[in-house]
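Survey of secondary and tertiary structure
Here are the chains, one letter per residue:
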Amino acid sequence: MDAAFVLPVRVYFEDTDSGGVVYYANYLKFYERARSEWLRALGISQQSLAQERRILFVVRNVAVAYHRPAVLDDALSVTLDVAKVRGASIEFEQKVVRDADGALCSSCRVTIVCVDGGKMKPAAFPEDILEKFQAASGSRKS
C-alpha cells in the first residue's frame, strides 16, 4: 500500500448497522484513529499539547465519499497522506481499503486547524510541530 501511514482496523459488531455493514459515521472514527496514531508515530502527544501548551487540533472541514461497503470481520487498512501543510492547518487525504481484495470502501479529505485552547481561536502550529508535519509531507510551508 503506497501511503504515508497505514493503520490496520478490524470491523467489529459495534461498528456495523443492523445489516452487518459498517455504519457510515464509523468511518470518521477510523479516520480519526489513523490521524491520532500518525501523530503518535511522529512523537506528538495531543494530551501533552493540550495540557502543557494549551494547543488543540480541531476538525475544520471533512468531505467523505463511500465507495463499497465494509462488513463485519473485514480487515481494513486506513491510510493517511498529508496533502497540504500551512502555518495553522494541515490537510489529509485518507482512505479505507479492504485488505482481502484491495477494494476502496471510503475516501476522505479533512482539514485540521491548530487552536489556542484558552481562546478557542486559530493559532499557528508551534515551530517544532510544523517542522515534523513538513518533514512527514515532504513539502514546505505553503
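Now for a description of the structure that goes with this document. (Residues numbered from 1 in each chain as written. Predicted model: local features only at pLDDT ≥ 70, side-chain atom pairs only at ≥ 80, totals over all residues. Heavy atoms only, no water.)

1. Description of the pairing of strand 3 (residues 75-85)
As defined by bridge partners, strand 1 (residues 5-10) adjoins strand 3 across six bridges and the pair is classed as antiparallel. Bridge pairing in strand 3 links P8 to S77. With nine bridges joining them, strand 3 and strand 4 (residues 89-98) adopt antiparallel strand pairing. Across the sheet, the residue bridging to D81 is E93, located in strand 4. (Pairing = 2+ DSSP bridges. Helix = DSSP H or I, 4+ residues; strand = E, 2+ residues; numbered from the N terminus.)

2. A closer look at unusual backbone geometry
Backbone geometry at R54 places phi at a positive 60°, although glycine is not the residue there. For R54, the position within the fold is in the loop between helix 2 (46-53) and strand 2 (55-66). The backbone of D73 shows a phi angle near 75°, a positive value even though the residue is not glycine. Within the secondary structure, D73 is located in the loop between strand 2 and strand 3.

3. Regarding the state of the cysteines
Covalent bonding between the sulfur atoms of two cysteines is what defines a disulfide. Taken as a whole and judged by the stated rule, the model has zero disulfides. With no disulfide of its own, C114 lies closest to C108 among cysteine sulfurs, the gap being 20 Å. (Disulfide = S-S within 2.5 Å.)

4. Side note on the environment of G87
Tracing the backbone through its elements, the reader meets G87 in the loop between strand 3 and strand 4. Linking G87 and R53, residues 34 residues apart in sequence, is a C-alpha distance of 17 Å.

5. Here's the deal with helix 1 (residues 26-41)
The end-to-end C-alpha separation of helix 1 is 23 Å, in line with the 22 Å expected for 16 residues at 1.5 Å each. Buried within helix 1 we find N26, Y27, F30, Y31, A34, R35, S36, W38 and L39. Just downstream of helix 1 lies G43, where phi reads positive at about 85°. (Expected span 1.5 Å × (residues − 1). Buried < 20%, exposed > 50% of the residue type's maximum accessible area, 1.4 Å probe, protein only.)

6. With respect to the nonpolar core
One finds W38, F57, I90 and F133 to be the most contacted residues of the largest nonpolar core, which totals 33 residues. The set of elements that each furnish at least two residues to this core consists of strand 1, helix 1, strand 2, strand 3, strand 4, strand 5 (104-116) and helix 3 (127-137). When sequence neighbours within four positions are dropped, the list of residues in contact with I90 reads W38, V82, K84, V85, V110, T111, I112, F125 and F133. (Core = buried A, V, L, I, M, F, W, Y, C linked by side-chain atoms within 4.5 Å. Contact = heavy atoms within 4.5 Å.)

7. Some thoughts on the packing of aromatic side chains
Summed over the entire model, instances satisfying the criterion amount to nine aromatic pairs. The interplanar angle of 85° and the centroid separation of 6.4 Å between the aromatic rings of Y24 and Y66 together place this pair among those described as edge-to-face. Here Y24 is found in the loop between strand 1 and helix 1, whereas its partner Y66 is found in strand 2, with 42 residues between them in sequence. Taking the centre distance of 5.7 Å and the plane angle of 75° together, the rings of F57 and F125 count as edge-to-face. Taken together, the residues F57 in strand 2 and F125 in the loop between strand 6 (121-122) and helix 3 connect sequence positions 68 residues apart. The exposure classification of F57 matches that of F125, with both residues buried. (Phe/Tyr/Trp six-rings, centres within 6.5 Å; stacked < 30°, edge-to-face > 60°.)

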